[in-house]
Amino acid sequence: MKDLKIKIQTVFLPFIYVSIITCVVYGIIRWGFDFQLGLLLLTDDILNFWIPMAISTIIGLYWIRPRIRVLTLTSKSIKTQHAFQIISVLAIAAPIIVSQHYIEKSAFNLIEINSVEEIKSHPTEKYFKVVNYEVDRNSWFPFTFREIAGKNHEDLDYYQYYNCVFSANKNIWSVLEYTLFLDNIGNTSDNYSKYMAFNDASLKDFQNYDYAAVHYFEKLSNSEKRNRILLAIKKNNDQINPDEQIILMPKMDSFENKLGNNFIWIFGTFVISALVMFILIYIAKIDPKGLQNFKNNVPPEEDDLKEILQFLNPKGPHKITAIVLLLMLFVFIVLSMLGYNLYAPIKDELLALGASRNKEVESGEYWRMFTSLFIHYGILHFIINLFGLGVALAMLERVIGDWRLIFAIILCAIIDAYASIYWAEFSVIVGTSGAIYGLFGIIFVFYLYRNFLNEPLDIMWLSIITFIIINFLFEYQGYDNSFKIGGLITGIILGFIYIYTDKTLLKKPKFNFFDHQ
């Protein structure tokens, strides 16, 4: 019982306190600065999910993580502590994420107006009951968005939109949404038949839609859905200004029922998260040394987090690695803030951001071969490439030096861009995979000359092989990957050139991931 009391006081109660405080504080900030003042100019996806995850990760690393070190399931508890840390982050994040939907729906009242023109007088409001309006059905056009989701791309989702302008204002749109969710692993012809039936049914429903029965309209805020629709509107009429468009979605259900059971879900999620943490804490044992170090505020002898952060320090021993990774991260964050689809951006969206394709490059847009390096097919693609790039840069920086590394990145990227354009004429090219494989080619050559003997082979090759396997298993639908071979061959050739033009490279200190001396 004494040990349980220590575990509750040291880990469980602080987890409960920080979870409640974080959820409440972030909710207040979101309610005041976003819903009331409209000052948080980020997409709903970022505010509802990614920021809560980021906040929970920071709290987990800097507040919960030191406390978890007092617990262990085995005598060698590093892996166990990592699992505890991940679970604690998810447990903190879950109630915050669920609560955002409740706050978002409860923060707005139903505003009654006479015409859609009056919506412009309420820029921070979301729900409107319009007394007099007329939808111009002759202005309609359809737009279909297809999304492949799931860990193994097993889900095929269709979003069908029918867009019409209001007769009173050509910049205010009424949009009907229809959805179809299919099994992507199933029969292709069967899926096609289901989609065609869905397309016919949604078109018929749209043509017979009774706008007189609409209870209220929801104005879409800055979100991926809104950006998708604006992209379709812009494509249908390139003369319009997307920033001036207002997107309304008609709702047939009662406004009073919009909250549903969200509050119960918040409470239930918090209880489940707390219960999971309590069970883990209950079955774990106390590490006497870890407890003593925590009480005396003694840092651990080995801190893998600090070691990893060394690679993000531009003033540290891996400055080129840090600069490149931070630049990639900065561009991704900026694009996300501008409304970039974090999950499955469509080809038109990627091309608008600067992706590379044969047609555009041959038309003189050569800059795309460079800008495409900073664009990725969603957050998973970005994380995979950031991991592979970090591994390759960290392994090469102290072996070949700063300038040779910079030259290798640029050359592999350019050769990769040219190869991808001519090998995959109609594909949209994004990401740094080709450049990463080029750096892997240089690593392979230097390994042949035994320049990596001081690094445990399981760490070095496990990192590279993990990246390669994930990269090939993650099939980007409609986005070419074959050009990686061009980058790999370029890297191998460049590696031999480096060695034969400067033999002193082989005399440099052998590489070690965490040797900063």
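It should be noted that the structure appears before, not after, this text.
Computed from a predicted structure; not experimentally measured.

**Here's the deal with the environment of Lys225**
And step 1. Mapped onto the secondary structure, Lys225 falls in helix α5 (residues 224–236).
And step 2. For Lys225, a relative accessible area of 27% gives the class partly exposed.
And step 3. Sequence-wise, Lys225 and Tyr159 are 66 residues apart; in three dimensions their C-alpha atoms are separated by 9.8 Å.
And step 4. Filtering out sequence-adjacent residues up to four positions away, Lys225 remains in contact with Tyr161, Glu177, Leu220 and Met249.

**Examining the pattern of salt bridges**
And step 1. Applying the stated criterion across every chain, the model contains nine salt bridges.
And step 2. A salt bridge links Lys225 to Glu177; its shortest N-O distance comes to 3.2 Å. A residue pair is termed long-range when its members are at least 10 positions apart, and Lys225 in helix α5 and Glu177 in strand β6 (residues 169–183) qualify at 48 residues.
And step 3. Look at Glu177 and you get partly exposed, because its relative accessible area is 27%.
And step 4. The partner of Lys194 in a salt bridge is Asp190, with the nearest N and O atoms 3.5 Å apart. Here the residue Lys194 and the residue Asp190 both occupy positions in helix α4 (residues 188–207), the gap between them amounting to four residues, near one helical turn.
And step 5. Given the relative accessible area of 42%, Lys194 is considered partly exposed.

**Digging into the packing of helix α15 (residues 433–448) against helix α17 (residues 484–501)**
And step 1. For the pair α15 and α17, the least separation of the axes is 6 Å and the interaxial angle reads 40 degrees. In the packing of α15 onto α17, the handedness of the crossing is right-handed. Along the contact surface, α15 presents Ser433, Gly434, Tyr437, Gly438, Gly441, Ile442, Val445, Phe446 and Leu448, while α17 presents Lys484, Gly487, Leu488, Gly491, Ile492, Leu494, Gly495, Phe496, Tyr498 and Ile499.
And step 2. Residues that form the contact of α15 with α17 fall into these classes: 11 nonpolar, seven polar and one charged.

**Describing the nonpolar core**
The tendency in soluble globular proteins is for nonpolar side chains to be buried as a group.
And step 1. In terms of nonpolar packing, the biggest core is built from 44 residues, with Leu350, Leu405, Leu439 and Ile442 touching the most fellow members.
And step 2. Only α9 (319–337), α10 (347–353), α13 (379–400), α14 (402–423), α15, α16 (457–473) and α17 provide two or more residues apiece to this core.
And step 3. With 11 residues, α13 is the largest single contributor of residues to this core.
And step 4. Excluding residues within four positions of it along the chain, Leu439 makes contact with Leu389, Ala392, Leu393, Leu396, Leu405, Ala408, Ile409 and Cys412.

**A closer look at the pairing of strand β2 (residues 110–113)**
And step 1. Because side chains alternate across β2, one face comprises the buried residues Ile111 and Ile113, and the other comprises Leu110 and Glu112, none of which is buried.
And step 2. Across four bridges, β2 lies against strand β3 (residues 127–130) in parallel orientation. If you follow Leu110 over to β3, its bridge partner there is Tyr127.

**Comments concerning the packing of aromatic side chains**
And step 1. Taken as a whole, this structure holds 26 aromatic pairs when the rule is applied.
And step 2. On the basis of an interplanar angle of 75 degrees and a centroid distance of 6.3 Å, the ring pair of Phe108 and Tyr127 is categorised as edge-to-face. Taken as a pair, Phe108 in the loop between α3 (78–106) and β2 and Tyr127 in strand β3 lie far apart in primary sequence, 19 residues in all. Just as Phe108 is buried, Tyr127 falls in that class too.
And step 3. Relative to Phe217, the ring of Phe166 has its centre 5.7 Å away and its plane inclined at 75 degrees; by these criteria the two rings are edge-to-face. Here the residue Phe166 occupies a position in strand β5 (residues 155–166), and Phe217 occupies one in strand β7 (residues 216–219), the gap between them amounting to 51 residues.
And step 4. Taking the relative accessible area as the measure of exposure, Phe217 reaches 1% and is therefore buried.

So, how was this worked out
- Positions within a chain are numbered from 1, following the residues in the order the chain's sequence is written.
- Whole-chain, interface and lining totals are the exception, using all residues; otherwise, since this is a predicted model, local features are given only for residues with pLDDT of at least 70 and side-chain atom pairs are given and counted only at 80 or more.
- Each side-chain value is worked out from all heavy atoms of the structure, with water and hydrogens disregarded.
- Each helix is a run of H or I in the DSSP string that is no shorter than four residues. Each strand is a run of E no shorter than two, and both are numbered from the N terminus.
- Relative accessibility under 20% of the residue-type maximum defines a buried residue, over 50% an exposed one, and the middle range a partly exposed one, all with a 1.4 Å probe and only protein chains included.
- Here a residue-residue contact requires only that any non-hydrogen atoms of the pair lie within 4.5 Å.
- For this analysis, a salt bridge means a side-chain nitrogen from Lys or Arg found within 4 Å of a carboxyl oxygen belonging to Asp or Glu.
- Fitted lines through C-alpha atoms give the axes, limited to the stretch in contact for helices. The angle between two N-to-C directions lies from 0 to 180 degrees.
- Each crossing gets its handedness from the near helix: less than a right angle anticlockwise from the far helix is left-handed, clockwise is right-handed.
- Each residue gets one of three labels, nonpolar for Ala, Val, Leu, Ile, Met, Phe, Trp, Tyr, Cys and Pro, charged for Asp, Glu, Lys and Arg, and polar for the others, Gly among them.
- Buried Ala, Val, Leu, Ile, Met, Phe, Trp, Tyr and Cys residues that are joined via side-chain atoms within 4.5 Å together make up what is termed a nonpolar core.
- For two strands to be treated as a pair, DSSP must find at least two bridges joining them.
- Classification of ring pairs uses Phe, Tyr and Trp, with its six-membered ring standing for Trp, and accepts pairs whose centres are within 6.5 Å; under 30 degrees between planes counts as stacked, over 60 as edge-to-face, and the remaining range as tilted.

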